[in-house]
Amino acid sequence: MSQSWLILSGKGGVGKTMLTASLGIALAKRGLKCCCVDADLGLRDLDLLLGMENNVVFDMLDVARKDCKLKYALLQHHRFEDLSLLPASQSGSSKDLDDETFRKIVGKLKKRAGYVLTDAPAGVERGLKNLLPGSDYSILVTTPDDVSIRNAERVLALLDEKHRPRPMLVVNRVVTDLVLKGDMYSPQTVANVLDVPLLGYIPEDRAVVAALSRHESFMDLDNPASQAVDRICRRFLGEYVPLPEMTRKRRWFFKK
Ligand SMILES: Nc1ncnc2c1ncn2[C@@H]1O[C@H](COP(=O)(O)OP(=O)(O)OP(=O)(O)O)[C@@H](O)[C@H]1O
Ligand SMILES: [Mg+2]
């Protein structure tokens, strides 16, 4: 039975697109068919994170307006045959995609892929509201700071109001040293405050930014962020994977 997941956040810039792309790659690496959907209309960027920006011809709005068939807008990843992308448009806005059209598009994608991951626009405006009826479940992304947490609470309130299931939580850009010093909330504390189950956390990792500037995915490397996404993917698939213990980076002192 195929599932459609919405990757959402209250505050912008917390890592939704990064998570959508990397989780999509993690699923495809396991041979699971996954379709990533960029629903941040007018602000297309998921294609960049998947290294597919040169392949985009048609997009979500072309499909919504019936200017092209879904199969022509859907792009297969050049390396992972199980991964596809429905890109967003560069122009247009959320008002160009109503909830019924999105629901129909997702319904068709679910016939092609076991997992449909939709990268939502930040906030609780129409852009997100129109995506809720077409999505079965959601993952809420937040960073461990008060602003992001407060905005995440607004998303939770909207999900409750629309009678949607509670999301799972991913806390991104966690800095272990700061958590251990008590200068940053731990991922579990954020989950407790928001009262949602913790799917996992991703550390702050310069490899994420470096890979993006090379138009590559950090999932190709063995680094703390890719390991964290891999654990998230395993939990997403129902495996029990304990959270790694947070320990200070070991410093070596060489005595003469
Ligand atoms: N764990 C991380 N470590 C370091 N940098 C990160 C991490 N996660 C995300 N970033 C960087 O943060 C920036 C924002 O990430 P991203 O675009 O995924 O956020 P977003 O929630 O999709 O933003 P928007 O709301 O604007 O769509 C990017 O430059 C990304 O490379
Ligand atoms: Mg984004």
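This text follows the structure it describes.
Residues numbered from 1 in each chain as written. Chains lettered and ligands numbered in written order. Predicted model: local features only at pLDDT ≥ 70, side-chain atom pairs only at ≥ 80, totals over all residues. Heavy atoms only, no water.

To continue, consider the overall build of the protein chain. Within the protein chain one finds 11 helices and 8 strands. The globule rule puts the C-alpha radius of gyration for 256 residues at 18 Å, and the 18 Å found for the protein chain is close to it. Principal axes of the C-alpha set define a box for the protein chain whose edges measure 70 × 40 × 35 Å. Classification of the 256 residues of the protein chain by burial places 52% in the buried group. For the protein chain, long-range pairs separated by at least 24 residues make up 76% of all intrachain contacts whose partners lie at least 6 apart in sequence. For the protein chain, the accessible area works out to roughly 13000 Å², and carbon and sulfur atoms hold 49% of it. For the protein chain, the distance from the average position of its 38 positive side-chain charges to the average position of its 33 negative side-chain charges is 2 Å. (Helix = DSSP H or I, 4+ residues; strand = E, 2+ residues; numbered from the N terminus. Rg over C-alpha atoms; globule rule 2.2 N^0.38 Å. Buried < 20%, exposed > 50% of the residue type's maximum accessible area, 1.4 Å probe, protein only. Contact = heavy atoms within 4.5 Å. Areas by Shrake-Rupley, 256 points an atom, 1.4 Å probe, with all protein chains shown as cover. Lys, Arg positive; Asp, Glu negative; His and termini not counted. Charge placed at Lys NZ, Arg CZ, Asp CG, Glu CD.)

On to the state of the cysteines, then. Summed over all chains, the structure comprises 0 disulfides. Lacking any disulfide linkage, Cys68 is separated from the closest cysteine sulfur, that of Cys35, by 13 Å. No disulfide involves Cys233; its nearest neighbouring cysteine sulfur is the one of Cys34, lying 8.9 Å away. (Disulfide = S-S within 2.5 Å.)

Attention shifts here to empty space enclosed by the protein. Taken as a whole and judged by the stated rule, the model has 2 cavities of 30 Å³ or more. Estimated volume of the largest cavity: approximately 60 Å³. What lines the largest cavity is simply Leu6, Leu132, Ser135, Asp136, Tyr137, Ser138, Leu159, Arg164 and Pro165. A class-by-class count of the residues in the lining of the largest cavity yields 5 nonpolar, 2 polar and 2 charged. Put simply, the second largest cavity is a space of about 40 Å³. Looking at the second largest cavity, the residues that line it are Ala39, Leu41, Ser94, Leu97, Pro121, Gly127, Asn130 and Leu131. (1 Å grid on protein atoms, 1.4 Å probe; cavity = no way out; pocket = protein on both sides within 12 Å on 5 of 7 lines; lining within 4 Å. Points joined across faces, edges and corners; volume = space filled by probe spheres on them. Nonpolar A, V, L, I, M, F, W, Y, C, P; charged D, E, K, R; others polar.)

Using the criterion set out here, one finds 10 salt bridges in the structure. Where Asp220 meets Arg79, a salt bridge forms, and the shortest distance between an N and an O atom there is 2.9 Å. Taken as a pair, Asp220 in the loop between helix H10 (206-213) and helix H11 (224-236) and Arg79 in the loop between strand S3 (75-76) and strand S4 (83-86) lie far apart in primary sequence, 141 residues in all. Looking at Asp220, the relative accessible area reads 38%, which means it is partly exposed. Between Arg234 and Glu239 there is a salt bridge, with its nearest N and O atoms 3.0 Å apart. Among the residues examined, Arg234 registers a relative accessible area of 27% and is labelled partly exposed. (Salt bridge = Lys/Arg side-chain N within 4 Å of Asp/Glu carboxyl O.)

Interhelical geometry of helix H1 (residues 16-29) versus H11 gives an angle of 65 degrees and a closest axis separation of 9 Å. When the interaxial angle is binned, H1 and H11 end up roughly perpendicular. The element H1 and its partner H11 pack so that their crossing is right-handed. In this structure, H1 uses Ser22, Leu23, Ala26 and Leu27 to contact H11, whose residues at the interface are Val229, Cys233 and Phe236. Of the residues contributing to the contact of H1 with H11, the split by class is 6 nonpolar, 1 polar and no charged. (Axes fitted to C-alpha atoms, helices over the stretch in contact; angles between N-to-C directions. Parallel < 35°, antiparallel > 145°, perpendicular 65-115°, else oblique. Left-handed = near helix turned anticlockwise from the far one by under 90°.)

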